[in-house]
Amino acid sequence: MKNKEPIILIVVIFFSLVTYYLVEPFAHGVMHKHVESENFEYKDLPALTKSGNVANGQELIVNAGCVGCHSIEKAGMPAPMDPVMAAQSYGVNPPDISEAGAIYDARFLAELIKNPAHALKVEHKFDESKGQMHPMVPFYGMGGDIDQEVADMVAYLQDLAVSPSEVTPKMAFENACGRCHAVGYENWTQIGTKPEFKHEKDALAFDIKVLEYEESLTKYMGKLPPDLSMYTRSRSEDFLRTFIENPQNHLAGTAMPRVGVTADAAEKVLEYMKDSGDTKRHERESIGKNVMIYLVIFAFFAFLWKKQVWRDLH
Amino acid sequence: MAHFTKATSVKDWLNQRLAIDKVEKVMASEYWIPKNINFLWAMGMVLVVTFVLLLVSGIFLLMYYVPTVDEAFYSVNYTIMREVDFGWLWRHIHGVAASVVFLVIYIHMFTGIYYGSYKKGREMIWISGMLLFVTFSAEAFSGYMLPWGQMSYWAGMVITNLFAGGSLHADGLVEWIRGDYVPAQAFLGRFFMLHVLLLPLAIVGLIGLHFAALRIPHVNNQDGEEIDFDAESKKYLDGDKAGSKVIRFANDFMSKDIMVVGIFLIFFFYLVFWNYSFALDPVNFDPADGLKTPAHIYPEWYFLWSYEILRPFNIDLGLILFGFAQVIFVFLPFLDRSPNTCPANRRGTMFKVWFWLMLSNMIILTAMGKLPPEGVFSTIGLVAAIVFVVQWLALPFITSREKKV
């Protein structure tokens, strides 16, 4: 009799794959609209036409009052308030801008200085004409050419920061996301990594500070931004990348601002999220290879054994 | 008491007390299997291996899992996935196997339908198999609850709501099952017990019954041929292995089983290491939130076809048809009135069409069960659900007109 097993195997695989395709890629494609990546180019924002002067920029940043809210730890300028109090004043703690030049896109930084609500894509929430002022005051210029002044400030920030290749995943995440999002599995809270405390009293005091911060943040954002520990598993990587790039594309009207990271920094943010939710991925891949080699050898010997046993049966 | 002699070896000592020679004959060396069966008959062994993988990985997970609503999600996603060495491996094996086991069960089931393995004396094999399927479904559902993710919570809510009996509004019953008004600690505790003790015990018992049911009618074969097992096994034992229509289970068929298992394991561990999320719904990696309904609530893929039979109708009719779909497979040996035991393709056009339409229709139901019930999808779902019911109602009529082949 003709051996029908190959054709049976093809039939089984065919129906399994059809089912898989319908239940997974097809159904998910219907349920979640696809968002095209903008490649972190921020094309809706004007390009920088002037080349900046670092020394001028430094002077401007101090004189324009940036350091009234922002710290520049690297240049020896500490934060004027602790995070809890800053959040009570502004809704969220204004970031330290030491590394901003390496993490955020230059176009985005320039627009952020001139028109924060526009750069952050939160104009639906902060409409000046209705008296809803964004907590970050726009820079109206020091009397000279405002585009030149902004270019100088961006140049200073880029000069001050580490080179973009030295940005670590943790640095990128904490700068871009960490003041709103906790990552419990990495011990990260919105006011910093929770230290190991010797006394429970001190740990509780720290937790109270976090809760106070979160209270201001909740009022500012409408709801407490979620803990991102498992987001690498609960959202696809493609979703996270396009969401970081422009939250409005996925969730029109969301209070989450566009964070303005460069493409490189976005990859680092994703790397950090994978470290929290998928820590063992490197171990998994190296062990996986060995297991596969073992199984292929096992299957081959099983095949030889079967051949040997069945030789007498035909 | 029986007469015991001084043992000549350890084996002899055991033999006098446990009859291991006899057990070996009954279970393996003189357990006769038809020769003309293909790799689809190895699915039983594939299922045994998958069940063992589930059991072993489950035992390891059980060491660290904490069955409380506050700790469950954390213990799975932090403790097991990060803190415990190889916790991720056990979890992925458990999660992937839970899904793959249903794929193999469905292949096993449709193999049985295609070759008529439920007919003529093999009814108990089919019925015990269907009982296993139902118990596995309960096992899968109770396990799905345990990580206490967002979909666990809402699937628990939706499925327990079914017990309200539609417009009967048996609300008290639903609360009695949950032990609360919503899925909470009492609910989790119960499902934990069901998943790790009661249902696995029932499964082990049913596997025993399923195997025992094979002993007398023997395994079916590719042609549905009636084999005289006594005559054929005598031929084999007299040395005419090639001429006999039967072979031993061990090592003859077992060597083929092991080969199929080997190939299956390559596929299985490829999923475990590189495509583990195919089995784990992303929504379940958000912690359960009773105040936030997910945009789409759907069961795991292996329940989708019966879910889609429930969904397109009003609640009462839907429930009745859902109940119908759940139990109707059990009655297959009695609904099939045909005298033939042979592959569906040789049983005449009517049954051939019935079989392939049933298979395709269940895949369509599966797909529609996951898609949002809107527009053309709900129409297709409705038609497919009606076709499913009509097919089962028509089965006795089309099979009783079948001619003997």
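Every value quoted in this text rests on a predicted model; they were computed, and no experiment measured them.

Basis of the calculations
- Residues numbered from 1 in each chain as written.
- Chains lettered and ligands numbered in written order.
- Predicted model: local features only at pLDDT ≥ 70, side-chain atom pairs only at ≥ 80, totals over all residues.
- Heavy atoms only, no water.
- Helix = DSSP H or I, 4+ residues; strand = E, 2+ residues; numbered from the N terminus.
- Rg over C-alpha atoms; globule rule 2.2 N^0.38 Å.
- Buried < 20%, exposed > 50% of the residue type's maximum accessible area, 1.4 Å probe, protein only.
- Domains from an automatic or database assignment.
- Buried area = accessible area lost by both parts, 1.4 Å probe.
- Salt bridge = Lys/Arg side-chain N within 4 Å of Asp/Glu carboxyl O.
- UniProt positions renumbered as here; feature names shortened; annotations may be inferred.
- Contact = heavy atoms within 4.5 Å.
- Polar contact = N/O pair within 3.5 Å; in protein donor to acceptor, adjacent residues only side chain to side chain.
- Core = buried A, V, L, I, M, F, W, Y, C linked by side-chain atoms within 4.5 Å.
- Axes fitted to C-alpha atoms, helices over the stretch in contact; angles between N-to-C directions.
- Parallel < 35°, antiparallel > 145°, perpendicular 65-115°, else oblique.
- Left-handed = near helix turned anticlockwise from the far one by under 90°.
- Nonpolar A, V, L, I, M, F, W, Y, C, P; charged D, E, K, R; others polar.
- Phe/Tyr/Trp six-rings, centres within 6.5 Å; stacked < 30°, edge-to-face > 60°.
- Lys NZ or Arg CZ within 6 Å of the ring centre and 35° of its normal.

A few words now on the overall build of chain A. From N to C terminus, chain A includes 14 helices and two strands. Taking 2.2 N^0.38 as the reference for a compact globule, 314 residues should give roughly 20 Å; the C-alpha atoms of chain A span a radius of gyration of 26 Å, well beyond that estimate. With respect to the three principal axes, the spread of C-alpha positions in chain A is 95 × 55 × 35 Å. Taking all 314 residues of chain A together, the buried fraction comes to 44%.

Before going further, it helps to spend a moment on the domain arrangement of chain B. All names here are of chain B. Here the domain parsing of chain B yields domain 1 (32–297) and domain 2 (304–405). Placing a centre on the C-alpha atoms of domain 1 and another on those of domain 2 gives a separation of 22 Å. In total, domain 1 and domain 2 occlude about 2,500 Å² of area from one another, counting both sides; carbon and sulfur atoms represent 67% of this. If you sort the residues of domain 1 by the area they bury against domain 2, Phe110, Tyr114 and Lys119 come out on top, with a joint share of 27%. At the junction of domain 1 and domain 2, the tally comes to two salt bridges. Put simply, Asp336 and Lys119 hold a salt bridge, and the shortest N to O gap is 3.2 Å.

All names here are of chain A. As recorded in UniProt, the sites labelled "transmembrane region" (unreviewed entry) are residues 6–23 and 287–305. Between the first and last C-alpha atoms of residues 6–23 the distance is 26 Å; the span itself is 100% helix and 0% strand. Helix makes up 100% of residues 287–305 and strand 0%, whereas the separation of the span's terminal C-alpha atoms amounts to 27 Å.

Below, the discussion takes up the interface of chain B and chain A. Taken together, the 59 residues of chain B in the interface contact 52 residues of chain A. For the chain B and chain A pair, buried surface summed over both sides reaches about 5,100 Å², with 72% attributable to carbon and sulfur atoms. In this structure, Glu24(A) and Lys370(B) form a salt bridge, with 3.3 Å as the shortest nitrogen-oxygen distance. Linking chain B to chain A there are 16 residue pairs in polar contact (both at pLDDT 80 or more).

With that settled, the discussion passes to the environment of Phe355(B). All names here are of chain B. Relative to the assigned elements, Phe355 resides in helix 15 (residues 349–370). Judged by its relative accessible area of 3%, Phe355 is buried. C-alpha separation for the pair Phe355 and Thr366, spaced eleven residues apart in sequence, amounts to 17 Å.

Counting 133 residues, the largest nonpolar core has Phe268(B), Phe269(B), Phe329(B), Phe388(B) and Trp392(B) as its most contacted members. Per element, the largest residue contribution to this core is 17 residues, and it comes from helix 5 (residues 87–115) of chain B. Here Trp392(B) is in contact with Phe324(B), Ile328(B), Phe329(B), Leu332(B), Leu335(B), Trp354(B) and Met358(B), once residues within four sequence places are set aside. Residues Ile97(A), Ala117(A), Phe173(A) and Tyr231(A) belong to the second largest nonpolar core, which totals 61 residues.

A few words now on the packing of helix 5 of chain B against helix 15 of chain B. Residues and elements named next belong to chain B. Axis separation between helix 5 and helix 15 bottoms out at 10 Å; the angle between their running directions is 165°. One element, helix 5, and the other, helix 15, form an angle in the roughly antiparallel class. Read as a crossing pair, helix 5 and helix 15 show a hand that is right-handed. Touching Phe110, Ile113 and Tyr114 of helix 5 are Phe351, Trp354, Phe355, Trp356, Met358, Leu359 and Met362, all from helix 15. Its residues assigned to classes, the contact of helix 5 with helix 15 comprises ten nonpolar, no polar and no charged.

This paragraph deals with the packing of aromatic side chains. Across all of its chains, the model carries 55 aromatic pairs over all chains by this definition. Geometrically, the ring pair formed by Phe239(A) and Phe243(A) is stacked, given 5.4 Å between the ring centres and 15° between the ring planes. In this pair, Phe239(A) and Phe243(A) are both assigned in helix 11 (residues 237–245), four residues apart and thus about one turn of the helix distant. According to the relative accessible area criterion, Phe243(A) is buried, its value standing at 15%. Through a chain of ring-to-ring contacts, the aromatic side chains of Phe14(A), Phe15(A), Trp41(B), Phe110(B), Tyr114(B), Tyr115(B), Phe355(B) and Trp356(B) assemble into a single cluster. The lysine or arginine in question, Lys125(A), covers the ring of Tyr220(A), its NZ or CZ lying 4.6 Å from the ring centre. Over the face of the ring belonging to Trp310(A) we find Lys306(A), whose NZ or CZ atom lies 4.7 Å from the ring centre.

A few words on the packing of helix 1 (residues 10–18) of chain B against helix 2 (residues 20–29) of chain B. Residues and elements named next belong to chain B. Running from amino to carboxyl end, helix 1 crosses helix 2 at an angle of 75°, the nearest separation of the two axes being 7 Å. Considering the angle they form, helix 1 stands roughly perpendicular to helix 2. Taking contact as the criterion, the partners of Lys11, Leu14, Asn15 and Leu18 in helix 1 are, on helix 2, Ile20, Asp21 and Val23. Tallied by class, residues from the contact of helix 1 with helix 2 come to four nonpolar, one polar and two charged.

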